[in-house]
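Chain by chain, the residues:
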2 protein chains.
Amino acid sequence: MDERIGAFFRPRSVAVVGASSNPEKLGGVILRQLASGFKGEVYAVNPRYDRIDGIPCYRSVGDIPGRVDLAVIAVRAELTPRLVEECGEAGVMGAIVIAGGFSEVGRRDLEEELAASARRSGVRLLGPNCMGVYAPSTGLDTLFTPSNLLPRPASGNVAVLTQSGSFGGIAMAMMAREGIGMSYFVSYGNRADVDEADLIDYLAVDPETRVIAVYLEGLADGRRFMESVARVGSEKPVLVFKAGTTEAGRRAAASHTGSLAGSDLVYEGALRQVGAIRARTTEEFLDLGKALSTQPPSHGPNVGVITNGGGYGVVAVDSLVRAGLRVPPVGGELRARLSRELPPFYPIGNPIDLTGNSTADQYERAVRAFMEDELYHALMVIPLFSVPALDPRETVDVLLSASEDYRKPMVVVSVDVTAEVSSQLGRLERGGIPVYGTPERAAVALAALHRRARASRPWPP
Amino acid sequence: MDERIGAFFRPRSVAVVGASSNPEKLGGVILRQLASGFKGEVYAVNPRYDRIDGIPCYRSVGDIPGRVDLAVIAVRAELTPRLVEECGEAGVMGAIVIAGGFSEVGRRDLEEELAASARRSGVRLLGPNCMGVYAPSTGLDTLFTPSNLLPRPASGNVAVLTQSGSFGGIAMAMMAREGIGMSYFVSYGNRADVDEADLIDYLAVDPETRVIAVYLEGLADGRRFMESVARVGSEKPVLVFKAGTTEAGRRAAASHTGSLAGSDLVYEGALRQVGAIRARTTEEFLDLGKALSTQPPSHGPNVGVITNGGGYGVVAVDSLVRAGLRVPPVGGELRARLSRELPPFYPIGNPIDLTGNSTADQYERAVRAFMEDELYHALMVIPLFSVPALDPRETVDVLLSASEDYRKPMVVVSVDVTAEVSSQLGRLERGGIPVYGTPERAAVALAALHRRARASRPWPP
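Please read these numbers as outputs of a predicted model, since none were measured by experiment. (Residues numbered from 1 in each chain as written. Chains lettered and ligands numbered in written order. Predicted model: local features only at pLDDT ≥ 70, side-chain atom pairs only at ≥ 80, totals over all residues. Heavy atoms only, no water.)

### What about the sheet that holds strand E10 (residues 155-162) of chain B?
Residues and elements named next belong to chain B. The condition is simple: Two strands make a pair as long as DSSP finds a minimum of two bridges between them. For the purposes of this entry, the term helix denotes a DSSP run of H or I that reaches at least four residues, the term strand denotes a run of E that reaches at least two, and both are numbered from the N terminus. Should any heavy atoms of two residues lie within 4.5 Å, those residues are considered in contact. Inter-axis angles, ranging from 0 to 180 degrees, are taken between N-to-C directions of lines fitted to C-alpha atoms, where helices are fitted over the stretch in contact.
The mixed open sheet is built from seven strands, whose spatial order is E9-E8-E11-E10-E12-E13-E14. A single partner strand is all that each edge strand has here, and the edge strands are strand E9 (140-141) and strand E14 (277-279). Relative to strand E11 (residues 182-187), strand E8 (residues 132-135) runs antiparallel, the two being bridged by three bridges. Bridge pairing in E11 places Gly132 opposite Ser187. With respect to the sheet, helix H5 (residues 165-178) is in contact with E8, E10, E11, strand E12 (211-216) and strand E13 (238-242), its orientation differing from that of E11 by roughly 160 degrees.

Below is the structure:
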């Protein structure tokens with residue numbers, strides 16, 4: 001692995017080239033963000049100023065007295081090749097080029113010139129036509145959309161790599177809203193130099209990252225990418241959302257980033273072979289990320305469904321079977337135990353319906369009984385809190401404690417019908433049990449946890 | 001149509017049989033709710049009281065001096081056949097039997113006795129094993145789950161008919177949260193007498209209802225149901241969510257309501273033939289309901305996509321094609337108009353990418369240009385409000401006004417990234433433009449609007 005790639009993730013010092021005192025300009029937004037949040041040295045570079053907002057401003061990167069790990073270049077396209085070269089001469093390891101105006105608008109020549117400058121001068125280059133990096137644990141934030149317009153997720157263990165800034169931005173806003181924590185966000189744009197494989201190789205050994213989630217339109221070097229995903233192995237799932245899966249989508253991708261999106265069947269086969277987990281929709285990209293970042297793999301397809309809503313249990317069963325999982329009936333021993341531990345006349349089965357009389361204690365008994373039965377590999381728990389005797393806080397307590405006592409995955413389906421329920425579901429999620437609004441979404445998440453357990457096949461075969 | 005069915009939807013007077021002063025009991029919750037909200041006469045029936053909370057309480061329905069349209073019978077199963085008979089003698093048109101303990105637990109005999117009492121005494125019967133009816137416009141509310149535990153949606157034009165109380169409750173809570181208005185909610189349970197067909201026949205001519213949304217596990221009389229759906233015709237869409245589509249789901253349904261769920265292929269063919277629109281997931285049940293209740297049909301498959309996020313546009317195109325729609329390229333005339341009306345160098349196409357410089361004015365120009373081009377039958381608009389120049393209020397203004405000026409469906413994809421955006425998206429929805437969190441959900445909604453336009457084939461063929 002190229003050690004210079006680390007400069008994009010954990011730089012000790014950052015220079016903003018094209019820094020501005022104008023908060024409406026890219027170089028103004030980025031400088032302010034870094035100055036206010038980054039836990040390292042920040043320098044401004046712009047020959048027109050001596051200081052910006054109290055930060056010392058230098059004529060060029062070479063004039064900065066300290067060592068610079070990362071340069072964020074926020075000037076127009078034509079000026080970037082020369083500035084990257086200056087970075088190289090100053091010993092900068094990595095440069096992020098934010099500007100568009102390269103291959104995506106037909107200026108492949110300028111992009112090649114930029115890449116050549118980077119190669120010649122020994123700088124690794126992220127972009128151009130990208131947003132760069134957000135890393136909550138160090139406050140590194142080169143995103144030109146300020147956080148009052150695009151909320152940033154808290155620190156966590158999901159890394160997002162995105163070819164598209166707009167998709168990445170949406171994913172980030174949704175993660176912030178749903179409370180999914182992030183280790184790094186990297187928008188890499190046209191990938192004139194650093195590509196997905198470089199980034200994945202770094203994240204594969206990064207201790208902060210548990211899930212690598214990638215949005216792709218197309219790949220420049222498919223083999224390199226697949227080898228890199230295969231090297232990550234099954235310990236750290238790689239979640240891939242591939243856009244341009246239809247002919248019309250591929251045309252749109254071609255006119256957007258100039259990507260050759262490639263046949264979806266080829267992607268499907270290759271991604272499966274290297275053990276990647278595929279997200280088919282924007283929602284799945286978030287939903288699966290949440291499950292994979294918090295729950296252990298599911299070492300088999302058999303799911304136990306515990307609910308106090310009979311009809312909703314039927315929907316859950318359909319969803320699980322459609323997601324490729326199984327809902328095996330309750331066997332003799334488990335049946336005897338449940339009959340013993342639950343009130344008489346409760347219908348015992350899978351799903352088990354705890355009825356309108358359900359309590360937190362009954363949920364605990366049912367959850368532990370299914371957890372301890374070897375037939376079941378995972379649980380879907382569907383508490384409907386509109387039942388008076390089912391206290392949300394107590395129910396969340398028993399689910400959190402059961403989840404700690406067993407190594408089987410558990411996901412919860414619930415709707416935040418009231419403020420009290422909403423706050424308790426938040427506790428559940430912060431405790432590492434993912435909550436989904438519908439059984440269908442939870443079923444696809446459980447299927448991904450099962451897929452993850454099967455993804456340990458070595459590659460190349 | 002049997003006029004007595006109207007008693008379930010628009011009664012002038014309601015008696016609660018088994019009324020209680022105990023707010024923990026069914027007959028207590030239901031009486032309180034009706035007393036506080038129902039715009040009509042409310043009577044209590046219970047031989048043990050003279051008054052409950054100030055409401056006159058009678059020994060039997062026959063003792064009530066005024067006319068009673070609807071009786072809500074909130075006593076245990078064994079007592080219900082005799083009470084239904086008393087209702088008939090007193091001239092009550094409809095009775096709702098809340099209690100379970102009938103065919104769903106193997107007491108088919110008791111259910112038949114109940115149904116026979118109703119037939120003999122001329123009362124139409126809803127239930128047993130049901131929640132009954134909620135009608136926001138009149139305050140009729142027989143649901144035994146109080147609204148502090150299960151929020152009720154506001155008045156609107158979507159009627160929900162549900163065999164499962166738990167699914168219905170979830171759907172209702174989700175509608176309340178998403179601001180989808182409801183004309184009626186009817187939980188009909190074991191349908192010993194009144195069935196889906198009776199209810200659909202009433203709603204077909206009900207002026208308050210624009211969409212009839214049905215959750216089914218199985219049908220007792222499939223032919224009657226299908227004929228009833230076919231009679232509704234294309235003016236008022238019938239949205240059907242069928243649970244028990246898998247073998248395991250059918251087994252779960254059989255143990256839950258005793259329903260024979262039947263082969264999904266048979267349902268699929270029959271529902272298609274009668275012009276019903278099928279929701280495949282819980283989310284679709286809500287999402288399609290929202291689109292069908294607010295937007296006109298889409299008279300063709302061609303969708304124009306307008307966004308300021310290129311990558312997200314690619315995802316939108318994939319979603320539309322996968323939903324069975326088309327995203328045709330921009331023709332010469334439209335291209336010339338867009339080039340003339342938008343800043344130079346904007347990439348003109350479908351999707352059209354209004355870039356990071358987008359403004360509300362540019363959205364207006366693009367939306368009106370696509371609306372006025374006959375090639376396109378519907379629009380998906382995807383404003384990403386993280387762009388500084390794109391004012392959420394102004395953007396919502398131009399979308400609302402464009403939507404009023406044309407008869408083409410429009411749906412919006414957006415995430416409420418900030419409180420300001422969230423409040424403006426609320427304005428958009430109250431103005432009748434449905435907003436979805438992802439392009440995939442919006443695409444399925446547009447496909448339903450297209451399906452609706454094709455659903456006017458007469459039946460039987």
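### Things to note about the relation of the copies chain A and chain B
Threshold: The copies were overlaid with a least-squares fit restricted to C-alpha atoms from residues scoring a pLDDT of at least 70 in each copy.
When chain A is fitted onto chain B, the two copies agree to an RMSD of 0.0 Å after a turn of 180 degrees and an axial shift of 0.0 Å. The symmetry that links the two subunits is that of a two-fold axis. If distances are taken from each C-alpha of chain A to the rotation axis, the shortest is found for A:Glu283, at 5.8 Å. The fraction of interface residues of chain A whose copies in chain B are also interface residues reaches 100%, indicating that both copies meet through the same surface.

### Brief notes about the interface of chain A and chain B
Spelled out, the test is: In short, buried area is how much 1.4 Å probe accessible area vanishes from two parts on joining, totalled over both. Salt bridges, as used here, are contacts in which a Lys or Arg side-chain nitrogen is within 4 Å of a carboxyl oxygen on Asp or Glu. Polar contact is defined as a pair of N or O atoms within 3.5 Å, subject to the rule that within protein one atom must be able to donate a hydrogen and the other to accept it, and that residues adjacent in sequence are counted only when both atoms are side-chain atoms. Side-chain classes follow a simple rule in which Ala, Val, Leu, Ile, Met, Phe, Trp, Tyr, Cys and Pro form the nonpolar group, Asp, Glu, Lys and Arg form the charged group, and the remainder, Gly included, forms the polar group.
On the side of chain B, 53 residues touch chain A, which itself brings 53 residues to the contact. Across the chain A/chain B interface, buried area totals approximately 4100 Å², and carbon plus sulfur atoms make up 65% of it. For the pair chain A and chain B, the interface holds four salt bridges. Joining chain A to chain B, the criterion identifies 20 residue pairs in polar contact (both at pLDDT 80 or more). For the side of chain A that touches chain B, the secondary-structure elements that each account for two or more residues are helix H5 (165-178), helix H8 (247-257), helix H10 (282-294), helix H11 (310-322) and helix H16 (439-454) of chain A. When residues in the side of chain A that touches chain B are grouped by element, the largest group, nine residues, is from H11(A). Broken down by class, the residue content of the side of chain A that touches chain B amounts to 26 nonpolar, 18 polar and nine charged.

### A few points about the side chain of A:Glu111
All names here are of chain A. Counted only if it meets this: For every residue, the accessible area obtained with a 1.4 Å probe (protein chains only) is divided by the maximum for its type, and the residue is called buried under 20%, exposed over 50%, and partly exposed between those limits. Counted as positive: Lys and Arg. Counted as negative: Asp and Glu. His and the chain ends are not counted at all.
The residue Glu111 is located in helix H4 (residues 108-121) in this model. No salt bridge is formed by the buried Glu111. Its closest oppositely charged neighbour is Arg108, at 5.4 Å. Separated by 2.9 Å, the side chains of Glu111 and Asn190 make a polar contact. Residues within four places of Glu111 in sequence aside, it is in contact with Phe102, Ser103, Pro128, Asn190 and Ala192.

### Some details on the packing of H10(A) against H16(A)
Residues and elements named next belong to chain A. This is how the line gets drawn: Roughly parallel means an angle under 35 degrees; roughly antiparallel means over 145; roughly perpendicular covers 65 to 115; every other angle is labelled oblique. In this scheme, a crossing is called left-handed if the near helix is turned counterclockwise away from the far one by less than a right angle; it is called right-handed if the turn is clockwise.
It is at 9 Å that the axes of H10 and H16 come closest, and there the two elements cross at 55 degrees. Classified by the angle their axes make, H10 and H16 are oblique. Considering only the axes of H10 and H16, their crossing is right-handed. Between H10, through Glu283, Glu284, Asp287, Leu288, Ala291 and Leu292, and H16, the contact on the second element is made entirely by Arg441, Val444, Ala445, Ala448, Leu449 and Arg452.

### Details of the pairing of strand E10 (residues 155-162) of chain A
All names here are of chain A. Note the cut-off: The definition of a right-handed crossover adopted here requires that, viewed with the strands pointing away, the path from the first strand over the helix to the second runs clockwise.
Relative to strand E11 (residues 182-187), E10 is paired through six bridges, and the arrangement is parallel. Among the inter-strand pairings, Val160 is bridged to a residue of E11, identified as Phe185. Remark: the E10/H5/E11 crossover connection has right-handed handedness.

### Quick notes on the environment of B:Ala402
You can see B:Ala402 is positioned in helix H14 (residues 392-405). For the pair B:Ala402 and B:Arg365, spaced 37 residues apart in the sequence, the C-alpha separation amounts to 9.7 Å.

### A few points about the nonpolar core
Heads up, the rule is: We define a nonpolar core as any set of buried Ala, Val, Leu, Ile, Met, Phe, Trp, Tyr and Cys residues linked to one another through side-chain atoms lying within 4.5 Å.
Counting 184 residues, the largest nonpolar core has A:Phe285, A:Leu338, A:Met380, B:Phe285, B:Leu338 and B:Met380 as its most contacted members. In contact with A:Leu338, other than residues within four places in its own chain, are A:Val330, A:Ile348, A:Ile352, A:Ala366, A:Ala369 and A:Phe370.

### Focus on the pattern of salt bridges
All names here are of chain A. Tallied over the entire structure, the rule returns 74 salt bridges over all chains. In this structure, Glu196 and Arg191 form a salt bridge, with 2.6 Å as the shortest nitrogen-oxygen distance. Using a relative accessible area of 2% as the deciding quantity, one classes Glu196 as buried. In this structure Arg191 comes out as buried when scored by relative accessible area, which is 14%. Residues joined by salt bridges that share partners form a network here, namely Asp2, Arg4, Arg124, Asp193, Asp195, Asp198 and Arg224.

### Quick look at the state of the cysteines
All names here are of chain A. This is how the line gets drawn: Two cysteine sulfurs form what is called a disulfide whenever their separation falls within 2.5 Å.
Within the structure shown, the criterion is met by zero disulfides over all chains. Here Cys57 is not cross-linked by a disulfide; its sulfur's nearest cysteine counterpart is in Cys87, at 14 Å. Look at Cys57 and you get buried, because its relative accessible area is 8%. The closest cysteine sulfur to the non-disulfide-bonded Cys130 is located on Cys87, 14 Å from its own sulfur. Here Cys130 falls in the buried class, since its relative accessible area comes to 4%.

### Observations regarding the packing of aromatic side chains
Keep this limit in mind: Note on aromatic contacts: the rings of Phe and Tyr and the six-membered ring of Trp form a pair at centre separations within 6.5 Å, being stacked when their planes are under 30 degrees apart, edge-to-face when over 60 apart, and tilted otherwise. Criterion for a charge above a ring: Lys NZ or Arg CZ within 6 Å of the ring centre, and within 35 degrees of the ring normal.
All told, the structure shown has 20 aromatic pairs over all chains when counted by the stated rule. Look at A:Phe241 and A:Phe285: their rings are 6.2 Å apart centre to centre, the planes differ by 45 degrees, and that puts the pair in the tilted class. Of this pair, A:Phe241 sits in strand E13 (residues 238-242) while A:Phe285 sits in helix H10, and the two are 44 residues apart along the sequence. Residue class for A:Phe285 comes out buried when judged on its relative accessible area of 4%. Seen from their ring centres, B:Phe370 and B:Tyr376 are 5.0 Å apart, and the 65 degrees between their planes marks the pair as edge-to-face. Per residue, the accessibility class of B:Phe370 equals that of B:Tyr376, and both read buried. A network of ring pairs unites the aromatic residues A:Phe167, A:Tyr215, A:Phe241, A:Phe285 and B:Tyr312 as a single cluster. Just above the ring of B:Tyr134 sits the side chain of B:Arg152; from NZ or CZ to the centre is 6.0 Å.

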